[in-house]
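An overview of the molecular structure
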Amino acid sequence: MKYLFPEKFWWGSAASGPQTEGAAMIDGRKESMWDFWYSQNPECFHHGVGPTHTSDFYHRFKEDIQLMKETGHNSFRTSIQWSRLIPNGTGEVNEKAVDFYNQVIDELLANDIEPFINLYHFDMPMCMQEIGGWENRNVIDAYVNYATTCFRLFGGRVKYWFTFNEPIVPVEASYLYDLHYPNVIDFKRAAIVAHHTIVAHAKAVEAFRKLELAGKIGIILNLTPSYPRSEDKEDRAAAHIADVFFNRSFLDPVTKGVYPRELVEILQARELLPPVEADDLEVIRNNPIDILGVNYYQPRRVKAKETQESENAPFMPEHLFDPYIMPGRKINPHRGWEIAEEVIYDIMIDIRDNYDNIPFFISENGMGVEGEEKFRNDAGYIEDDYRIEFVREHLQWVHKGIQEGANCLGYHMWTFMDNWSWTNAYKNRYGFVEVDLKNSLKRTVKKSGRWYKQLAENNGF
Ligand code: BGP
């Protein structure tokens with residue numbers, strides 16, 4: 001075997017409650033902002049498919065966990081839905097939800113699959129969004145109460161906790177780029193949302209530590225390293241600024257306990273710094289994470305600005321750099337994302353050298369493909385060789401990073417089974433397991449799932 005991984009390496013995949021559970025409004029659950037947005041604007045979702053049913057993990061989790069076994073999982077991440085556990089945002093806990101999550105955790109453990117639990121995957125309860133979502137500090141308190149409830153209920157069995165998945169996505173998608181509800185475009189409000197999210201994260205970490213549970217707590221960040229068009233000083237400076245905005249803005253406070261100085265200076269100069277309360281910076285400083293999850297899909301390519309914005313234009317990060325489309329780049333045409341495998345290694349070396357080599361794992365990596373049914377073979381399963389190749393090529397770089405001392409503990413694919421992907425709904429399929437929407441959500445393991453089992457058994461390839 002050419003690429004052997006360290007002992008006890010985590011092989012598995014990641015998913016989220018809102019994208020897999022379905023059973024939207026039953027057993028006491030109330031709306032999240034996704035359910036509400038879908039009820040108002042179904043046309044915003046691919047083929048008008050909303051979050052109501054998704055893959056029905058709520059009812060089929062036992063069958064699904066068997067398929068995790070069949071695909072070599074020794075670990076699996078999902079998220080608890082706040083809107084299921086505490087349907088009014090604060091107050092009463094929904095016992096049916098407690099039962100459900102207890103059963104999922106127990107079933108995973110009974111099958112030797114380590115549960116990794118995330119607390120927030122873009123899914124603000126609608127009642128919390130109605131009072132301003134992350135713009136309202138009361139929502140920070142409600143979130144910390146929700147997080148503490150989860151630690152108390154499940155912390156005896158769950159050893160790996162994550163406060164947020166990709167917390168920058170709700171900032172960008174909901175408050176800058178008009179992609180998700182509430183479709184605001186306002187940098188100042190985005191900065192408030194970002195700061196409050198980081199405070200909520202730090203307070204949840206603090207609450208976890210107070211309970212003295214045996215376990216680790218961290219956060220999952222989507223890291224998109226920035227590469228300059230050229231080695232020219234201006235291009236490099238532009239890439240550096242993009243990196244500060246899109247990576248260091250969250251990575252530095254959660255690991256080093258401080259915001260990047262340059263980010264603060266840029267925002268201060270433009271009067272865009274969010275209001276900061278007395279103990280915010282202290283709680284951030286005192287609660288660095290134990291473990292980092294790195295979601296990696298694509299790099300960001302950047303060049304120096306070619307035309308200046310008008311002085312009166314409301315600020316956007318893109319006033320400081322231009323995106324750059326690199327000729328000849330490899331691309332996944334279904335998602336429009338560049339595929340650059342070696343970038344995963346650069347992230348690992350960056351964490352090793354600039355972030356104290358903290359323990360981390362690849363918490364998402366994957367390839368969404370449309371129309372996979374055309375690859376079905378005579379035996380009835382999808383032959384997704386492109387996905388196997390994608391994973392192998394990334395893993396070669398992960399292996400190199402580990403050989404060179406990066407503290408990487410595992411690799412999780414996005415995702416276990418085809419699932420509902422926000423506004424893209426079921427357009428692109430990412431799973432090791434096919435979910436046939438035309439055939440009662442029938443699950444069939446794809447070729448990649450079969451291959452992944454061997455990979456995990458051999459701990460390498
Ligand atoms: C990540 C999210 C996942 C998942 C994945 C694939 O950013 O954490 O929830 O959706 O991306 O992206 P998409 O579904 O947009 O194709």
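Refer to the structure above for everything that follows.
About the thresholds
Residues numbered from 1 in each chain as written. Predicted model: local features only at pLDDT ≥ 70, side-chain atom pairs only at ≥ 80, totals over all residues. Heavy atoms only, no water. Near = heavy atom within 4 Å. Polar contact = N/O pair within 3.5 Å; in protein donor to acceptor, adjacent residues only side chain to side chain. Nonpolar A, V, L, I, M, F, W, Y, C, P; charged D, E, K, R; others polar. Helix = DSSP H or I, 4+ residues; strand = E, 2+ residues; numbered from the N terminus. Contact = heavy atoms within 4.5 Å. Pairing = 2+ DSSP bridges. Axes fitted to C-alpha atoms, helices over the stretch in contact; angles between N-to-C directions. Buried < 20%, exposed > 50% of the residue type's maximum accessible area, 1.4 Å probe, protein only. Left-handed = near helix turned anticlockwise from the far one by under 90°. Expected span 1.5 Å × (residues − 1). Bend = angle between axes of the 7 residues up to and from the residue. Core = buried A, V, L, I, M, F, W, Y, C linked by side-chain atoms within 4.5 Å.

1. Some thoughts on the site of the ligand
- Neighbouring residues of the ligand: Gln-19, His-121, Asn-165, Glu-166, Tyr-297, Arg-335, Trp-337, Glu-364, Trp-414, Ser-421, Trp-422 and Tyr-430.
- Between the ligand and the protein, one listed contact pairs an oxygen atom with a side-chain N or O atom of His-121 at 2.8 Å.
- Ser-421 has a polar side-chain atom sitting 2.5 Å from an oxygen atom of the ligand.
- Across the shell around the ligand, the residue classes break down as five nonpolar, four polar and three charged.

2. What about the side chain of Arg-429?
- Examined against the element boundaries, Arg-429 turns out to sit in strand E15 (residues 428-429).
- Here the side chain of Arg-429 touches Asp-418 through a polar contact of 3.5 Å, side chain to side chain.
- Setting aside anything within four residues of it in sequence, one finds Arg-429 in contact with Met-367, Gly-368, Val-369, Glu-372, Arg-387, Asp-418, Val-435, Leu-437 and Lys-446.

3. Considerations on the sheet that holds strand E9 (residues 322-323)
- An order of E6-E8-E9 is seen for the three strands of this open sheet, with the pairing classed as mixed. Looking at the sheet topology across the chains shown, the edges are occupied by strand E6 (226-228) and E9.
- Here E6 pairs with strand E8 (residues 300-303) via three bridges, running parallel. By the bridge assignment for E8, Tyr-227 is matched with Arg-301.
- Strands in contact with helix H10 (residues 233-256) are E6 and E8; relative to E6, the strand with the most contacts, it is inclined by about 170°.

4. Let's talk about the pairing of strand E5 (residues 216-222)
- Among the seven residues in E5, six count as buried, and that is most of the element.
- Taken together, the four bridges between strand E4 (residues 160-165) and E5 define a ladder with parallel strand orientation. Bridge pairing in E5 places Phe-162 opposite Gly-218.
- Judged from the five bridges that link them, E5 and strand E7 (residues 291-295) form a sheet pairing that is parallel. Bridge pairing links Gly-218 to Ile-291 in E7.

5. A word on the packing of helix H14 (residues 385-403) against helix H15 (residues 447-458)
- Contact geometry for H14 and H15: axes closest at 8 Å, N-to-C directions at 35°. When the axes of H14 and H15 are compared, the crossing they make is right-handed. For the pair H14 and H15, contact is made by Asp-385, Arg-387, Ile-388, Val-391, Arg-392 and Leu-395 and by Lys-447, Ser-448, Trp-451 and Leu-455, respectively.
- Of the residues in the contact of H14 with H15, the class split is five nonpolar, one polar and four charged.

6. What to know about helix H3 (residues 57-70)
- Compared with an ideal rise of 1.5 Å per residue, which puts 14 residues at 20 Å, H3 spans 17 Å between its outermost C-alpha atoms and falls more than 12% short.
- Of all bends in H3, the biggest is about 45°, found at Glu-63.
- Looking only at H3, the buried set comprises Phe-57, Tyr-58, Phe-61, Asp-64, Ile-65, Leu-67 and Met-68.
- At its buried positions, H3 is contacted by helix H1 (17-20), strand E2 (75-79), helix H4 (82-85), helix H5 (95-110), strand E16 (433-436) and strand E17 (442-445).
- One or two positions beyond H3, positive phi appears at Gly-72, with a value near 80°.

7. A short note on unusual backbone geometry
- In this model, Tyr-181 is joined to Pro-182 through a cis peptide bond whose omega is 5°.
- Position of Pro-182 relative to the elements: it lies in the loop between helix H8 (168-175) and helix H9 (187-210).
- Here Trp-414 and Thr-415 are connected by a cis peptide whose omega angle stands at 10°.
- Along the chain, Thr-415 turns up in the loop between strand E14 (408-414) and E15.
- In this structure, Glu-166 takes a positive phi of about 45° despite not being glycine.
- As for its placement among the helices and strands, Glu-166 is situated in the loop between E4 and H8.
- Positive phi outside glycine occurs at Asn-357, with the angle close to 50°.
- With respect to the helices, strands and loops of the structure, Asn-357 is situated in the loop between helix H13 (343-354) and strand E12 (360-364).

8. Section: the nonpolar core
- If you look at the biggest cluster of nonpolar residues, it comprises 142 residues, and the most contacted ones within it are Trp-82, Leu-85, Tyr-143, Phe-154, Trp-161, Leu-292 and Val-398.
- Counting residues per element, this core draws most heavily on H9, at 13 residues.
- Excluding residues that lie within four positions of it along the chain, Trp-82 makes contacts with Pro-87, Gly-89, Tyr-120, Asp-123, Met-124, Pro-125, Met-128, Val-139, Ala-142, Tyr-143 and Tyr-146.
- If you look at the next biggest cluster of nonpolar residues, it comprises seven residues, including Phe-116, Phe-162, Ile-220 and Ile-291.

By themselves, these observations are geometric and do not establish any function.
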